[in-house]
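Take a look at the letters that make up each chain.
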Amino acid sequence: MTRDLNQCIFVAGHRGMVGAAIVRQLRALGYLQILTAPHRELDLLDQRAVRGFFDAHAVDHVVIAAAKVGGIQANNTYPADFIYQNLMIQANLIHAAHEHGVQRLLFLGSSCIYPRLAAQPMAEGALLTGTLESTNEPYAVAKIAGIKLCESYNRQHGRDYRSVMPTNLYGPGDNFHAENSHVIPALMRRFHEAKLRGAPQVVVWGSGTPRREFLHVDDMAAACVHVMELDTVAYRSQTQPMQSHINVGTGQDVTIRELAETVARVVGYTGRVEFDPSKPDGTPRKLLDVSLLRRLGWQAGIPLEQGLRDTYAWFVAQGDHLRT
């Protein structure tokens, strides 16, 4: 593993939950040149603007944490936005990096790249072996294209562009919107508001039996930097030219019932937690196989309840503006 603290690292998407965590991790490790650009200064959908940005800065390494993201409802409502914007962001950044001689790049994908009925836990080799989940297929196709862009520039031009695929993420900076947040912030908000109202019960959709894996965003950031810093020999010894992506997760999952009960305990909600089995459960299980990442020397370190307490403290500290 190599670490050059003087190299210039451009983190695209630094205001998102994951990008912000990666910037925190890089700063904690002592990196001295962390380059960021808010949307008002750089529109990643504009190829000319992205090229101009690389013209103006001597970038050594790129981290692509920028993406258009959302829950099931958003993916179903705006599929064209999700596939177009993610394809353009990735293509503009990866091609501009190559054109400007950037040898190292890290692309962040999503576990939704795997087939809907993939064997559990889902190994890297499951990619492109079956039908995707229809609700987020456009987003997943864009992320698969990002992986293949990286692999193609490696094969044709000798670049060292890498990809990591995270499981479900949560933590400080998450989206707590009432209608389009993911399961942990949604549950946290509901239990928090129920506690404030003194509500006698909270009803959770579904039977509570599906199993899901969750990774704290600070663990994700640590894994990203670990993969980024691996020397080329170590990385290529464990990956293949056309299957180079790496899963990032905990290797452990919990039922939605266990998750809801843990969130309630963390929030301090003492009413009843009920489940509505008439509502959809979704996929019975989604767990990543993280054995490759462990062979490369990294594993998650933040237990779920500890991470939830950290997230809830951040949520409360933000005040009412998150609860709109």
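As a convention, each chain's residues are numbered from 1 in the sequence order in which they are written. Only residues with pLDDT of at least 70 are given local features in this predicted model, and only at 80 or more are side-chain atom pairs given and counted; all residues enter the totals for whole chains, interfaces and linings. The side-chain numbers reported here are obtained from all heavy atoms of the structure, hydrogens and water having been left aside.

*Asks:* Hey, could you run me through the packing of helix α6 (residues 183–197) against helix α11 (residues 304–318) in this one?
*Replies:* Two measures define how a pair of helices packs: the angle their axes make with one another and the distance between the axes. Axis separation between α6 and α11 bottoms out at 11 Å; the angle between their running directions is 60°. Here α6 lies oblique to α11, going by the angle between them. Of the two possible hands of crossing, α6 and α11 adopt the one that is right-handed. Each of I184, M188, R189, H192 and K195 in α6 lies in contact with α11, whose residues at this interface are L308, T311, Y312, F315 and V316. Note that Gly is not counted as nonpolar here; it falls among the polar residues with everything else outside the nonpolar set of Ala, Val, Leu, Ile, Met, Phe, Trp, Tyr, Cys and Pro and the charged set of Asp, Glu, Lys and Arg. Here the residues of the contact of α6 with α11 are counted per class, giving 6 nonpolar, 2 polar and 2 charged. Only the stretch in contact is used when a helix axis is fitted, and all axes are lines through C-alpha atoms; the angle between N-to-C directions ranges over 0 to 180 degrees. Strands here are runs of E lasting at least two residues and helices are runs of H or I lasting at least four, both read from the DSSP assignment and numbered beginning at the N terminus. For classification purposes, angles smaller than 35 degrees are called roughly parallel, those larger than 145 roughly antiparallel, those between 65 and 115 roughly perpendicular, and all remaining angles oblique. Two helices cross in a left-handed way if the nearer one is turned anticlockwise from the farther one by less than a right angle. They cross in a right-handed way if the turn is clockwise. Any two residues whose heavy atoms approach within 4.5 Å are treated as being in contact.

*Asks:* Whenever I open this one, the state of the cysteines confuses me. Can you help?
*Replies:* Disulfide assignment relies on a single distance test, namely cysteine sulfur atoms paired within 2.5 Å. What the rule picks out here adds up to 0 disulfides. No disulfide involves C8; its nearest neighbouring cysteine sulfur is the one of C224, lying 18 Å away. Considering cysteine sulfurs only, C150 is the nearest to C224, which forms no disulfide, with 13 Å between them. Classification of residues uses two cut-offs on accessible area relative to the type maximum, computed with a 1.4 Å probe and protein chains only: under 20% is buried, over 50% is exposed, and between them is partly exposed. A relative accessible area of 1% places C224 in the buried class.

*Asks:* Got a minute to help me understand the nonpolar core in this structure?
*Replies:* It is characteristic of soluble globular proteins that their nonpolar side chains tend to be buried jointly. Side-chain atoms within 4.5 Å link the members of a nonpolar core, which is a set of buried Ala, Val, Leu, Ile, Met, Phe, Trp, Tyr and Cys residues. Core analysis: the biggest nonpolar cluster contains 42 residues, and F10, L44, F54, V62, L93, L105 and Y161 have the highest contact counts within it. Of all elements in the fold, only β1 (8–12), α2 (47–56), β3 (61–64), α4 (79–99), β4 (104–108), α5 (137–157) and β5 (160–166) reach the threshold of two or more residues within this core. Core analysis: the next-biggest nonpolar cluster, separate from the first, contains 34 residues, V63, L215, A222 and V248 among them.

*Asks:* Would you mind showing me how to read the pattern of salt bridges here?
*Replies:* A side chain of one charge can pair with a side chain of the opposite charge if their charged atoms are brought near each other. Should a side-chain nitrogen of Lys or Arg be within 4 Å of a carboxyl oxygen of Asp or Glu, the pair is scored as a salt bridge. As enumerated under the stated definition, the model contains 12 salt bridges in all. Put simply, E99 and R51 hold a salt bridge, and the shortest N to O gap is 3.1 Å. Of the two residues, E99 sits in helix α4 while R51 sits in helix α2, which places them 48 residues apart along the sequence. Residue classification places E99 among the partly exposed residues on the basis of a relative accessible area of 40%. A salt bridge links R285 to D253; the nearest nitrogen and oxygen atoms lie 2.6 Å apart. Of this pair, R285 sits in strand β13 (residues 285–286) while D253 sits in the loop between β10 (246–248) and β11 (254–255); the two residues are 32 residues apart in sequence, bridging distant segments of the chain. Residue class for R285 comes out partly exposed when judged on its relative accessible area of 31%.

That's the geometry; what it means functionally is another story.
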